[in-house]
Amino acid sequence: MITSGFSSSEHSPTSRDPARGWLLGLILLNLVVALFTFDDFGFAWDEPLFYAYGDAVDYAYSISARLSGNFDIENAYGPSAGDHKYYGPAYLLLVRPLVDALRQLPVPGVHRDEWWHLVNFLTLQVGVVFFYKLARRWVGPWAGLGAAALFATQPVVWGHGMINPKDMPFMVFFILAVESGLTLVDHLRATSPPASTEAAPPGEVFALARWTLWRVAVLVVGSMVLLTYLLAGPIQNGIRALVEAAYQAAPGSLLGRWFLWVAARAPETPPDAYVNKAWALFLRLRTGVTVLSVPLVLHTLVGLIWPAGMQNLGRALSARLAPLPTWPQWRAGAPFRWRNAGWRLGVAALMLGLLTSIRVLGPLVGALVVLYFLLQSYPRSWKPLLVYGLIAAGVTYLTWPFLWDNPLVRLIEVARHMANNPHILPVLFNGQVFPSNQLPRSYLPTLLGLTLTEPVFPLLVLGSGVGLVRFWRRSLEWRSFLILLLWVGLPLAYVLWRRPPMYDGYRHFLFLLPPLFVLAGLGLDALFGWLRRGWQRVGLGFLLLLPGVIGLVRLHPYPYAYYNAFMGGVGGAFRRYETDYWLTCYKETMCLINAEARDHPVTLFVLRQPQIARRYAAPGVTVQSFDPANDATYPGSWLLLITRYNQDLTNHPEDPVRYAVGRAGAVFCVVKEVGGTAVP
């Protein structure tokens, strides 16, 4: 009998939970630490413009502005409309009232926008609570608490929890949307009548015919895919001929109208560009079909060569997957009771809508919830799921003014913008500088391995093995566990296959961390099962958390620049990998400059984001932009440079360093005195 994550008294999130009080203590401790340290963190270079977007978005909802006669929706996107309109403002709309209230507090020395850091961190703690609730589906309370604590004390997570108002909220709402969506489907199961136990007609002849037809279809598709590799040359010539014929077709003909609809800029674009694009599209399609068809072809061939073994394996898998999924109907299951379950549906839809309004990748959660719904075996109707999707779409539309003019077209525009990021930046990776759209496939896996604390990946490997063993022993609820694996597997496969532009570490993929830590929690659950004594479990938990806590203390207030001991710490990563890529070192650097400016005025030239330096500049400091191609520095002036992709080495290499700001053997910012003499 299956002991699922929902029926086990030990792993059920609804049973009495002895670790819940300790989880609350962890959250309170984190918040107390944050309350005393949030103003130590400097602004990331992207923060001020994004917060200005949050201040401006109210304009879109202003009735008086619309009645004024000169309403312009572009005013709702803030000073960086060309970029930030592609990010929905749902998070900004939700938490800005709290930020505005905190801004009224008479706290000296705290910039009005630095309150965002405290609210961002509070949002992260909400994510930690729901991470624990999600992890409890598969692990016991103490392992869930350990996984949540390990997740919350990662220096990378802690740092982004303060200074990242884009990617960290997306990670948090991803957790909320997944957890609430799975809970909704579970509740639909709890309120549905049991499946019919009447024996189905045998139909062996029809089953055999369907199996034979399936084998033939798989082999035919596999043969066609193989032919595309053998006949690549003729296929490429055929694509060229077809595209050139469409390109040269009369505009009024059917082929010409179709081509102009697909390629609106055809008149000013040479045909070779469309030939190359069509060939690249064909190669991507062929790769995708190959990836999907190879396992099916191998399964079919093994079934033909070794039918008895495949039948035994099929029976074993069926027994472990039982009860097998059934297809939902329009009229099936118990009537949906809005009084009992409507709030769950509303919460799940709200979370999905807000998630999509934070980043357009949000519908991935909707797809995972739909898949989880389809994998169920109980009688059920499509109706609640349809309402779920409609409410989520409505929430996204209402909270994202950029979509109001033409929702579908704008969503496609946003998706294209995000998939093909137009900002190509230099990225330092393993000692080499790459364009962000030409990074090696190892970029994301390498950074994950080097920037999470040392215990994470041994626990992750152990947890993956424990998950497989528990699945085979039927002590793991496989449907939700599959959703967990797809949560991390699908985006990771996309990154490895398409190699999209990436920069700033893996901040765009922070949402991949929660499922990794749930898997680590499975490993911790197994270890706690082997350690029977309470003091042994406490000792193990202390050892697992120690690297993260040490990293937080040593690197404060730059914990997001953390590298583990496998890299030799942040000092070992210096000049090989990016560290303080968001320029948060400007705050500490400007404090040093301001102290000297009390005695004499200082003219400071800044290479990157001088507006951030101006925010911290004292009255005696004049901040100007530095352009290497038009160098306006003069003897006695100072130059603020960053070490990101070694900019401090290529600009004014002969001038001495007056100040250097960094941690643990790594330098983040340097200030050079133009024409000066070396100082200690």
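Keep in mind that what you see is a predicted model, and the values were worked out from it rather than measured. (Residues numbered from 1 in each chain as written. Predicted model: local features only at pLDDT ≥ 70, side-chain atom pairs only at ≥ 80, totals over all residues. Heavy atoms only, no water.)

1. Comments concerning the overall build of the protein chain
Helix and strand counts for the protein chain come out as 27 helices and seven strands. For 680 residues, the compact-globule estimate of 2.2 N^0.38 gives 26 Å, and the C-alpha radius of gyration of the protein chain, at 28 Å, lies within 12% of that figure. For the protein chain, the C-alpha atoms occupy an extent of roughly 95 × 80 × 60 Å along the three principal directions. Of all 680 residues assigned to the protein chain, the portion counted as buried reaches 49%. Per element, the accessible surface of the protein chain, about 32,300 Å² overall, is 67% carbon and sulfur. (Helix = DSSP H or I, 4+ residues; strand = E, 2+ residues; numbered from the N terminus. Rg over C-alpha atoms; globule rule 2.2 N^0.38 Å. Buried < 20%, exposed > 50% of the residue type's maximum accessible area, 1.4 Å probe, protein only. Areas by Shrake-Rupley, 256 points an atom, 1.4 Å probe, with all protein chains shown as cover.)

2. Considering the nonpolar core
Tyr506, Leu513 and Tyr586 are the most contacted members of the largest nonpolar core, which has 170 residues in total. Setting aside residues up to four positions removed in sequence, tyrosine 506 forms contacts with Val156, Leu444, Leu447, Leu448, Thr451, Leu452 and Leu513. Among the nonpolar cores identified, the runner-up in size contains nine residues, and Ile239, Ala246, Tyr274 and Val275 belong to it. (Core = buried A, V, L, I, M, F, W, Y, C linked by side-chain atoms within 4.5 Å. Contact = heavy atoms within 4.5 Å.)

3. Let's talk about the state of the cysteines
This structure, assessed with the given rule, holds one disulfide. There is a disulfide in this structure between cysteine 585 and cysteine 669, and the S-S distance comes to 1.8 Å. Of note, the bridge from cysteine 585 to cysteine 669 carries an S-S torsion of about 55° and is right-handed in sense. Residue cysteine 585 is located in the loop between α24 (569–573) and α25 (586–597), and its partner cysteine 669 is located in strand β7 (residues 666–673); the two are separated by 84 residues in the primary sequence. Taken as a pair, cysteine 585 and cysteine 669 share a single burial class, namely buried. (Disulfide = S-S within 2.5 Å.)

4. Some points on unusual backbone geometry
Of note, the bond from histidine 556 into proline 557 is cis; its omega dihedral lies within 30 degrees of zero at 0°. The phi torsion at histidine 652 lies on the positive side, around 50°, for a residue other than glycine. Secondary-structure assignment places histidine 652 in the loop between α27 (647–650) and β6 (657–663).

5. Quick notes on helix α5 (residues 90–103)
In this model, α5 (14 residues) spans 20 Å end to end at C-alpha, consistent with the 20 Å of a helix rising 1.5 Å per residue. Within α5 the residues assigned to the buried category are Ala90, Tyr91, Leu92, Val95, Arg96, Val99, Leu102 and Arg103. (Expected span 1.5 Å × (residues − 1).)

6. Quick word on the packing of aromatic side chains
Here the structure, examined in full by the defined rule, presents 29 aromatic pairs. Ring centres of phenylalanine 121 and tryptophan 158 lie 4.7 Å apart, and the angle between their planes is 55°; on these two criteria the pair is classed as tilted. Of this pair, phenylalanine 121 sits in helix α6 (residues 115–135) while tryptophan 158 sits in helix α8 (residues 155–163), placing them 37 residues apart in sequence. Of the two residues, phenylalanine 121 and tryptophan 158, neither departs from the other in class, the shared state being buried. Put simply, the rings of Phe170, Phe174, Trp487, Phe509 and Phe511 pair up and form one aromatic cluster. (Phe/Tyr/Trp six-rings, centres within 6.5 Å; stacked < 30°, edge-to-face > 60°.)

7. Quick word on the pairing of strand β3 (residues 602–606)
Among the five residues in β3, five count as buried, and that is most of the element. Neither face of β3 is exposed, since Val602, Leu604 and Val606 on one face and Thr603 and Phe605 on the opposite face are all buried. Bridge analysis of β3 against strand β4 (residues 621–625) gives five bridges, and the strand direction is parallel. The partner of leucine 604 across the bridge, within β4, is valine 623. For the segment spanning β3, helix α26 (residues 610–616) and β4, crossover handedness is right-handed. Looking at chain direction, β3 and strand β5 (residues 638–642) are connected through three bridges and run parallel. Residue pairing across strands places valine 606 opposite leucine 640, the latter belonging to β5. (Pairing = 2+ DSSP bridges. Right-handed = clockwise from strand over helix to strand, strands pointing away.)

8. Thoughts on the side chain of threonine 290
As for its placement among the helices and strands, threonine 290 is situated in helix α13 (residues 271–305). Polar contacts involving the side chain of threonine 290 include one to the side chain of tyrosine 229, which spans 3.0 Å. Here arginine 286 takes part through its backbone oxygen, which lies 2.7 Å from a polar atom of the side chain of threonine 290. If we skip the residues at most four places from it in the chain, threonine 290 touches Val225 and Tyr229. (Polar contact = N/O pair within 3.5 Å; in protein donor to acceptor, adjacent residues only side chain to side chain.)

9. Some remarks on the pattern of salt bridges
Applying the stated criterion across every chain yields a total of 28 salt bridges. Between aspartate 46 and lysine 166 there is a salt bridge; the shortest N-O distance is 2.4 Å. Placement of aspartate 46 in the loop between α1 (20–37) and α2 (47–56) and of lysine 166 in the loop between α8 and α9 (167–190) is noted, with a sequence separation of 120 residues between them. The salt bridge involving lysine 133 is made with glutamate 179; its shortest N-O contact spans 3.9 Å. (Salt bridge = Lys/Arg side-chain N within 4 Å of Asp/Glu carboxyl O.)

10. So, the environment of proline 500
Here proline 500 lies in the loop between α21 (478–498) and α22 (513–530). Residue proline 500 is classed as buried on the basis of its relative accessible area, which comes to 11%. Residues proline 500 and tyrosine 59 lie 441 residues apart in sequence; the distance between their C-alpha atoms is 34 Å. The contacts of proline 500, once residues within four sequence positions are left out, are Ala419, Ser436, Tyr494 and Val495.

11. Considerations on the packing of α2 against α5
Orientation of α2 relative to α5, taken along the N-to-C sense of each, is 95°, at an axis distance of 10 Å. For the element pair α2 / α5, the angle class is roughly perpendicular. Touching Phe50, Tyr53, Gly54 and Asp55 of α2 are Leu92, Arg96 and Arg103, all from α5. (Axes fitted to C-alpha atoms, helices over the stretch in contact; angles between N-to-C directions. Parallel < 35°, antiparallel > 145°, perpendicular 65-115°, else oblique.)

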